[in-house]
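# Structural description and commentary
Residue-level listing of the chains:
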Amino acid sequence: MPSDVFIDGARCLERIRKLYKLWHNTNSEDGTDVLTHENDAIRSADAIIIVRGQKEDDFTYSKTAAMQTWLFGYVMHDVLVVFCQDSVIIFAGSKKINYLKKIESEQNNKENAPRNFNFLVRKDNDEKNFADIIEQIKQSHQGKTLGIFSKDKMDGTFGEQWKDCLSQHSFATVDISASIGYLLSIKDNEELGLIRKACEITGKLYSKHLKDQVVNTVDSERKVKHSKLSEGLEAALSEEKFVAKADLNNVEMCYPAIIQSGGNYNLKFSANVDNNLLHYGGSSIVCAFGIRYKSYCSNLVRTLLVNPSEEMKNTYKFLLACEQLIINELKHDVSLCDVYKLVREKVENERPELLNKMTNNLGTALGIEFRESSIAITSKCTIKAQKGMTFQVSIGFSNLDNPQGTDDQSKVYALFIGDTIIVNENEPCAIYTSSKKDISHIAIVLKDDGSDDNEDDDAPSIAPRRAAIKENPKKDSSAPEESRQEYQKALLRKLNERAEARLTSQDDKVSSERTRKILNSYKSEGQLPQDPDIQDLKLYVDKRYETVILPINGVATPFHISTIKNVSLAVEGEYIYLRINFYNPAGIGKQADSIDKENVYIKELTYRASNEKKDDVAPASNNLSHVHKLILETQKKFKDQEQERKQMEGVIKQAALTLNASKTNPKLKDLYMRPSLANKKINGTLEAHTNGFRYTSVRGDKIDILYSNVSHAFYQPCDNEMIILIHFHLKHAIVFGKRKQIDVQFYTEVGELTTDLGKHRNMHDRDDILAEQAERDLRNRLKAAFKGFIDKVIQQKNFPFEFEQPFRPLGFHGTPHRSMVLIMPTTTCVVQLTEWPPMVIVLDEVELVHFERVHFQLKNFDMVFIMKEYSQKTYSIQSIPMNELDPIKNWLNSCDMCYTEGPQTLNWTKIMKTITDDLSGFFVQGGWTFLESDGDSAKEGIVEDSDIEEDDYNPDEDDSAEEGSESEYSGEEEEEEEDFQEKDSDSDESENLGSDEESGKSWSELEEEARKADAEKLDYDSDTAGRTKKKGDDSKKRSVVLSKKRPARSPPPTNNKKKKK
């Protein structure tokens, strides 16, 4: 064995005890369920034998190797392990025994089996040791039946000797492979981590190597054999970029990678890789392989489609739905045969022609062995899945006909997909192999040179997709950068002044609102219940007033249920103890300063009662048990009420809707509502009445929205959109569907929300032309209907608001929630209404806007809205393209909105908490100017320092001075270069004169040049002195602000100042 072998004795002992619990069918001490299995073969065995002979040339899966790996972490050869009733016998060489003795050192509790370990060292003559082992086996239980792995071979001298020894005794044998497979199928956290790592390597190999190899082969139309692709995948295991920081020595293939195409498909993992050429003429390419990491397996199966037809796409989508059904239904304590039946019924009901083409096995348990055949998703396997089991699920359809195939090989195709999953308790399985498999990521579409490309960026299309992306930067030179910055500085100064005046006046009000409401049980003693238990000084629970009445020093004292933190009941000997813990203020911090020092706070109370029964009288402990139960019930009821109250916080009861009986009320029909009233979309009618709207669904559900409760109303037409909508942003939330809603939307679809990009249609197809014309007519009719509805509503008497329409030309792309959307400003808001959930930001509620990650090396930046109510959470829009920055700045500038920018991402939760904790100190230290300094320091700090230090000229700092002047006086670069050169010549006059004399100039010429240089230098110094003085004043003011303590963590300014010498 190698010198770096380490055997975890504690883990090995724990797993041996799991084996004994399964074998003896005993209960665990901690109350957890014991592993159960319908196959009772292992329980009929009197001893369990695990023997492994000499080392094989090629690796093969076996139960013996799996058991050794599970117990010891390694596969050991010429080792015999015998599990008897109370002892474990390990017979091996001296070196192996030295490693394995660590197991015995971890055994500190000999009450649980096994109680003893017997280590025997191999010698020249093993007959005596074999005889001793046989005697111990005969003393285990009845000593007649041995549990073995019947399919495992015992090769080599050691194995033959043991086989001969057993043949001399009449032992019965029983195969325990299925029972051990069940034991190994439930993984602990350590095993799940290894499988997760193996799946990570598998996903990287597929997406970054195999998939690219296949796509490049199809693209270049090269002739490559299936076996060549398989060998290349195995060779890629030696590259570190694919193994994700894993030890290369522990990474290997579970089985040779299977690549199949060209009509010859065998959807089994035992299939051999052939030498046929990869076929990509409108057929499917099946790829299947798995990676073992530290002996734990993973599996991944994907099918790539080349120029798929509509029938192929639909069949593949149906296959994905079948696999998803397996993942959803495979849960804890669900029989595997039931999962198989559900999938079979789905195929039989929806696509009966595929029933006889579906694979018979939909997956097997996976772990140290790639497949556990006794635990399979088949029609005959009645084993129930357990939490922690890992499966490789795989489903496919073979021998499918493709009438659109161009040759015989593409007339027949197959579809096969598979993943590695883990079983959860009450939710669908978790997928460990995260490689994408939807149609947009597996369809390889060979495009013509002139074809358009609108596919998803992640789709493996052959044509270069990025060439089709045309940047359309929005350039607006209406507001020069310098004037815009000056105006923003003035806005920031006014913002700080207004915010300081507003927030400091509200400080006392806000603090008083945060005071916790104190709940009183009774207003007077007369309200105490007149119950005999209270008179007898017994514990009593008053459910009506949610109060617990406790006797303290002979006085019945009430405590409201909200003051009780928790309660526990314990039995010790002849007594029962009831312990009640109360909420009490801590002894440190702000909470201790605010409490009343004169009050006494009780931390806990403990009551004791005897549980002895005397003279047929119920024991006193019964009352404590009854009170304990009542307290828990009352606590649960109170907490549920509090939770409901918090959920309904901010919801007010609307006034009644005044219905207008007129038949001419503005009305829109066939509208969908978001959020939906049910799990599926239900259409209905929106009707305007005297003081509000009423939406009535086809089921009869009614939702009322009063005009007085509408904060902002929006109308978004269907121009360049697939839906047309009316959106209401409410002042106060309304409740429907058991949840409060602040945004309600009514919309209708204008066409197909998804487009099939795989269809090859002619631009002159008459059906397409008619369909486009019909869609244009529908859009016009819908816009006219919505516009007419809005006009009629606005014309009503005393209508309180107007409908805003988003300005599409000012829109920009960003990610407010999960996906990239078009965000558009309106007159008073910034909105995104097309996708749900919507985004509505009222500009009047925004304090300022901060741009994060603004750097010339980045392609995107983030936009953060800070609200005027500092207790509200900031709103962030991420991943905005950098070419949108200037148009957004111009728009904010035109709206008199203050904005700042910086290169870093800030922790706004901590920043806002620091600000709200000390508002006055925040504004004393400069307020929001700390954000401005982040953006300005990098641009202006170097310039100002170079101008200030220009008088103290040092040749070593010449480069930094030139860089600073270059960034400030971009329009005078040539002039300043000449000035600096003349300044250098003046500071080193002797050298210049020497060089001039050598060049042959006369003294009169040199004097004339010196006089002109002096005159030009005086003019330059007078100009720069004025500028330096003006800039110096500004820099001093800014340095005063920056020197003060910052209220929150923010990027410090980087002035890059150099010390004066």
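Owing to the predicted nature of the structure, the values given are computational and were not obtained by experimental measurement.

## Notes on the overall build of the chain
The secondary structure content of the chain amounts to 26 helices and 37 strands. Classification of the 1061 residues of the chain by burial places 45% in the buried group. The long-range fraction of contacts in the chain, counting pairs at least 24 apart against all pairs at least 6 apart in sequence, stands at 65%. Working note: accessible area of the chain is about 58600 Å², and carbon and sulfur atoms make up 46% of it.

## Here's the deal with the nonpolar core
Phe83, Phe289, Leu330, Ile377 and Phe391 are the most contacted members of the largest nonpolar core, which totals 135 residues. Looking at which element gives the most residues to this core, the answer is helix 8 (residues 189-220), with 12 residues. Formed jointly, this core draws a minimum of three residues from each of two domains, domain 1 (9-26 + 36-184) and domain 2 (189-444). Not counting chain neighbours up to four residues away, the residues in contact with phenylalanine 391 comprise Leu330, Leu336, Thr364, Ala365, Leu366, Ile375, Ile377, Asp419, Thr420, Ile421 and Val423.

## Here we look at empty space enclosed by the protein
The full count for this structure, using the stated rule, is 5 cavities of 30 Å³ or more. Taken as a whole, the second largest cavity spans an internal volume of roughly 110 Å³. Taken together, 14 residues line the second largest cavity, and the ones lying closest to its centre are Leu184, Gly367, Ile368, Glu369 and Glu372. Class assignment of the residues belonging to the lining of the second largest cavity gives a composition of 6 nonpolar, 3 polar and 5 charged. Viewed by domain, the lining of the second largest cavity spans two of them, domain 1 (9-26 + 36-184) and domain 2 (189-444), each represented by three or more residues.

## Notes on the sheet that holds strand 16 (residues 540-542)
To summarise the sheet geometry, strands pair through backbone hydrogen bonds and adopt either a parallel or an antiparallel arrangement. Pairing within the open sheet is antiparallel, and its 3 strands lie in the order 16-17-18. The strands lining the two open edges of the sheet, one partner per strand, are strand 16 and strand 18 (555-560). Between one strand and the next, the sheet's axes are offset by a mean angle of 30 degrees, whatever the strand orientation. Summarising the sheet, strand 16 and strand 17 (residues 547-552) pair through 3 bridges and their orientation is antiparallel. By the bridge assignment for strand 17, aspartate 542 is matched with threonine 547.

## Describing the confidence of the model for the chain
Per-residue pLDDT for the chain averages 79, and the proportion of residues at 70 or more is 78%. Predicted confidence for residues 28-35 stays below pLDDT 50, and this span has 11 contacts to residues more than four positions away or in other chains.

## Section: the pairing of strand 25 (residues 702-706)
Relative to strand 25, strand 24 (residues 692-697) is paired through 5 bridges, and the arrangement is antiparallel. Within the sheet, the bridge partner assigned to tyrosine 695 lies in strand 25 and is isoleucine 703. The turn linking strand 24 back onto strand 25 is made up of 4 residues, and glycine 700 within it adopts a positive phi angle of 105 degrees.

## Re the pattern of salt bridges
Scanning the entire structure with this criterion turns up 30 salt bridges. Residues aspartate 78 and arginine 122 are paired through a salt bridge, measuring 3.9 Å at the closest nitrogen-oxygen approach. Here aspartate 78 is found in the loop between helix 2 (63-72) and strand 2 (79-83), whereas its partner arginine 122 is found in the loop between strand 4 (116-121) and helix 5 (127-138), with 44 residues between them in sequence. Aspartate 78 sits in the partly exposed class, given a relative accessible area of 23%.

## Things to note about the packing of helix 2 against helix 7 (residues 177-185)
At a minimum axis distance of 11 Å, the contact between helix 2 and helix 7 shows a crossing angle of 35 degrees. Crossing of helix 2 over helix 7 shows left-handed handedness. Mapping the contact onto sequence places Lys63, Ala66, Met67 and Trp70 in helix 2 and Ser177, Ile180, Gly181, Leu183 and Leu184 in helix 7. Among the residues making up the contact of helix 2 with helix 7, the classes are represented as 6 nonpolar, 2 polar and 1 charged.

## Details of unusual backbone geometry
A cis amide bond links arginine 674 with the next residue in sequence, proline 675, at an omega value of 0 degrees. With respect to the element layout, proline 675 can be found in the loop between strand 22 (667-674) and strand 23 (683-688). The amide bond that connects tryptophan 836 to the next residue, proline 837, takes the cis arrangement and shows omega of 5 degrees. Mapped onto the elements of the fold, proline 837 is located in the loop between strand 32 (829-832) and strand 33 (839-842). Positive phi is not limited to glycine here, since histidine 141 has a value of about 55 degrees. In this fold, histidine 141 is placed in the loop between helix 5 and strand 5 (145-148). Given a relative accessible area of 36%, histidine 141 falls into the partly exposed group. In this model, leucine 537 sits at a positive phi of 60 degrees, which is unusual for a non-glycine residue. Within the secondary structure, leucine 537 sits in the loop between helix 15 (532-535) and strand 16.

## Concerning the sheet that holds strand 4
Spatial strand order, 4-3-2-1-5-6: 6 strands in an open sheet with mixed pairing. Whereas interior strands pair on both sides, the edge strands pair on one side only; in this sheet they are strand 4 and strand 6 (172-175). With direction set aside, neighbouring strand axes in the sheet form an average angle of 20 degrees.

## Remarks on the side chain of glutamate 191
By the secondary structure assignment, glutamate 191 is in helix 8. No salt bridge is formed by the buried glutamate 191. Its closest oppositely charged neighbour is arginine 15, at 4.1 Å.

## Section: a positive patch on the surface
On the surface, Arg493, Lys494, Arg498 and Lys868 cluster together into a positively charged patch. Topologically, lysine 494 is positioned in helix 14 (residues 481-513).

## A look at helix 18 (residues 766-794)
Look at helix 18: 42 Å from first C-alpha to last across 29 residues, which is about the 42 Å you get at 1.5 Å a residue. Of all the residues in helix 18, the buried ones are Asp768, Arg779, Leu782, Phe786, Phe789, Ile790 and Val793.

## Here we look at the packing of aromatic side chains
For the structure shown, the criterion picks out 31 aromatic pairs. Between phenylalanine 851 and phenylalanine 861, the aromatic rings sit 5.7 Å apart at their centres with planes inclined by 80 degrees, giving edge-to-face as the arrangement. You can see phenylalanine 851 sitting in strand 34 (residues 846-852) and its partner phenylalanine 861 sitting in strand 35 (residues 860-867), a full 10 residues away along the chain. Taken together, the ring pairs in this structure connect Phe693, Tyr695, Tyr707, Phe728, Phe746, Phe789, Phe801 and Phe803 into an aromatic cluster.

## Focus on the environment of tyrosine 61
Here tyrosine 61 lies in the loop between strand 1 (47-52) and helix 2. The sequence separation of tyrosine 61 and phenylalanine 370 amounts to 309 residues, and the corresponding C-alpha distance is 7.8 Å. Residues in contact with tyrosine 61, not counting those within four places in the same chain, are Cys254, Arg292, Cys297, Ile368, Glu369 and Phe370. Of the polar contacts made by the side chain of tyrosine 61, one reaches the backbone oxygen of cysteine 254; its length is 2.9 Å.

What counts, and where the lines are drawn
Residues numbered from 1 in each chain as written. Predicted model: local features only at pLDDT ≥ 70, side-chain atom pairs only at ≥ 80, totals over all residues. Heavy atoms only, no water. Helix = DSSP H or I, 4+ residues; strand = E, 2+ residues; numbered from the N terminus. Buried < 20%, exposed > 50% of the residue type's maximum accessible area, 1.4 Å probe, protein only. Contact = heavy atoms within 4.5 Å. Areas by Shrake-Rupley, 256 points an atom, 1.4 Å probe, with all protein chains shown as cover. Core = buried A, V, L, I, M, F, W, Y, C linked by side-chain atoms within 4.5 Å. Domains from an automatic or database assignment. 1 Å grid on protein atoms, 1.4 Å probe; cavity = no way out; pocket = protein on both sides within 12 Å on 5 of 7 lines; lining within 4 Å. Points joined across faces, edges and corners; volume = space filled by probe spheres on them. Nonpolar A, V, L, I, M, F, W, Y, C, P; charged D, E, K, R; others polar. Pairing = 2+ DSSP bridges. Axes fitted to C-alpha atoms, helices over the stretch in contact; angles between N-to-C directions. pLDDT = per-residue confidence, 0-100. Salt bridge = Lys/Arg side-chain N within 4 Å of Asp/Glu carboxyl O. Left-handed = near helix turned anticlockwise from the far one by under 90°. Lys, Arg positive; Asp, Glu negative; His and termini not counted. Patch = residues over 30% accessible without salt bridge, like charges linked within 9 Å, V, L, I, M, F, W, Y side chains within 5 Å. Charge placed at Lys NZ, Arg CZ, Asp CG, Glu CD. Expected span 1.5 Å × (residues − 1). Phe/Tyr/Trp six-rings, centres within 6.5 Å; stacked < 30°, edge-to-face > 60°. Polar contact = N/O pair within 3.5 Å; in protein donor to acceptor, adjacent residues only side chain to side chain.

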